[in-house]
Amino acid sequence: MSEYEYDDQIWPLNCSWIYPREGNTKTILKVMVICAHPDDADLLTGGLAYKLTSRGHKVKYISVTNGNLGHYEKDQIELAAIRQKEALVSAKILGAEYSSLNIDDGHVYVNREQTEKVVRIIREFDPDLVITHRPNDYHRDHRYTSQLVMDASYMLIVPHYCPGTPISKTRKMPVICYAYDDFQKPYPFIPNVMLDITDEYERKGAALINHESQMMDWLPWTMNIEDQIPEDYDVQNRLEVLEMLIISVFSRIISDYRKLWKKGFPNKKIKKAEAFELCEYGRQPSAQELKELFPGAYIPPKRVLKEFLK
């Protein structure tokens with residue numbers, strides 16, 4: 001869970017054990033993003049990650065798969081290595097850590113082996129917040145990753161489950177949130193947390209364009225727009241392609257909740273955003289705790305959301 005950072009300069013002779021001044025400690029939050037593929041976490045939470053790491057908090061990206069099927073030409077072993085390298089560079093730009101459970105792409109299943117892997121990585125990092133996909137996302141790997149996180153949630157505090165990786169000493173369950181998607185069935189996304197990332201978007205883009213095998217090759221190919229990608233492209237070309245892809249993913253995040261954005265940010269035009277939905281399987285945080293986990297976010301009160309979602 002949260003850690004604490006001390007400034008040695010606030011104590012005489014640097015003797016913190018003699019002159020305790022707890023008021024001069026800084027809480028360091030730990031956030032883990034568990035997604036299906038190596039580029040998912042950056043795409044869904046890159047703005048939040050940079051907000052957190054630039055404030056000294058810790059963010060760890062976990063890709064359940066190695067992404068070795070995400071191309072129409074490249075060999076699977078070669079592609080897994082490429083995507084590992086891309087993800088490490090992208091995460092570093094955001095100030096985050098990255099690792100993969102190395103499950104083959106397209107082979108995420110809700111079973112004992114994979115559930116235990118998820119339980120172990122969460123226990124080892126001991127996060128305050130876990131973010132994952134919604135269970136009704138478009139991709140099977142995304143849906144099953146979400147289910148794995150939900151299935152792991154209660155088991156985090158069961159000592160005899162995966163005893164080789166001890167439970168947290170505090171036995172405190174992390175908050176769990178879903179990242180945004182625009183699928184409407186069986187139920188639409190609920191924007192419990194609305195985050196303006198206009199100021200962080202440039203850094204998010206600088207990170208994402210490093211997923212070159214996906215942003216410049218695979219995703220345009222799946223969308224049948226590969227003819228729009230120049231053969232020789234520079235950074236600006238890559239950013240333009242990335243913007244096109246992000247619009248396809250996040251085009252409704254502002255338009256669908258326009259009234260809420262205006263209510264939460266009355267004096268600012270929101271150009272880029274991320275949003276998150278609370279999962280009932282995790283700890284249910286107060287609005288104040290959510291504001292700490294999501295710096296600068298608008299947390300719509302329940303009555304406001306209820307009225308909006310009618």
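Given the structure is predicted, the values throughout are model-derived calculations rather than measurements. (Residues numbered from 1 in each chain as written. Predicted model: local features only at pLDDT ≥ 70, side-chain atom pairs only at ≥ 80, totals over all residues. Heavy atoms only, no water.)

J.: Break down the pattern of salt bridges for me, with residues and values.
T.: The final tally for this structure, using the stated rule, is 12 salt bridges. Between Glu274 and Lys204 there is a salt bridge, with its nearest N and O atoms 2.8 Å apart. Taken together, the positions of Glu274 in strand 9 (residues 273-278) and Lys204 in helix 5 (residues 201-208) put the pair 70 residues apart, joining distant regions of the chain. The residues Glu274 and Lys204 share a single accessibility class, namely buried. Among the ionic pairs, Glu243 bridges to Lys272, the shortest N-O distance being 2.6 Å. With Glu243 in helix 7 (residues 235-250) and Lys272 in the loop between helix 9 (258-264) and strand 9, this residue pair connects regions lying 29 residues apart in the sequence. For Glu243, a relative accessible area of 22% gives the class partly exposed. Residues joined in a network through salt bridges with shared partners are Arg112, Glu116 and Arg120. (Salt bridge = Lys/Arg side-chain N within 4 Å of Asp/Glu carboxyl O. Helix = DSSP H or I, 4+ residues; strand = E, 2+ residues; numbered from the N terminus. Buried < 20%, exposed > 50% of the residue type's maximum accessible area, 1.4 Å probe, protein only.)

J.: Outline the side chain of Arg83, supporting the account with residue identities and numerical values.
T.: With respect to the secondary-structure elements, Arg83 resides in helix 2 (residues 76-94). Excluding residues that lie within four positions of it along the chain, Arg83 makes contacts with His37, Pro38, Asp39, Asn66, Gly67, Gly70, Asp105, Ser213 and Gln214. (Contact = heavy atoms within 4.5 Å.)

J.: Any details on the packing of helix 3 (residues 112-125) against helix 4 (residues 140-155)? Residues and values, ideally.
T.: Running from amino to carboxyl end, helix 3 crosses helix 4 at an angle of 60°, the nearest separation of the two axes being 9 Å. The pairing of helix 3 with helix 4 is recorded here as oblique in orientation. The chirality of how helix 3 crosses helix 4 is right-handed. Across the interface between the two elements, Gln114, Thr115, Val118, Val119 and Arg123 of helix 3 pack against Leu148, Val149, Asp151, Ala152 and Met155 of helix 4. A class-by-class count of the residues in the contact of helix 3 with helix 4 yields 6 nonpolar, 2 polar and 2 charged. (Axes fitted to C-alpha atoms, helices over the stretch in contact; angles between N-to-C directions. Parallel < 35°, antiparallel > 145°, perpendicular 65-115°, else oblique. Left-handed = near helix turned anticlockwise from the far one by under 90°. Nonpolar A, V, L, I, M, F, W, Y, C, P; charged D, E, K, R; others polar.)

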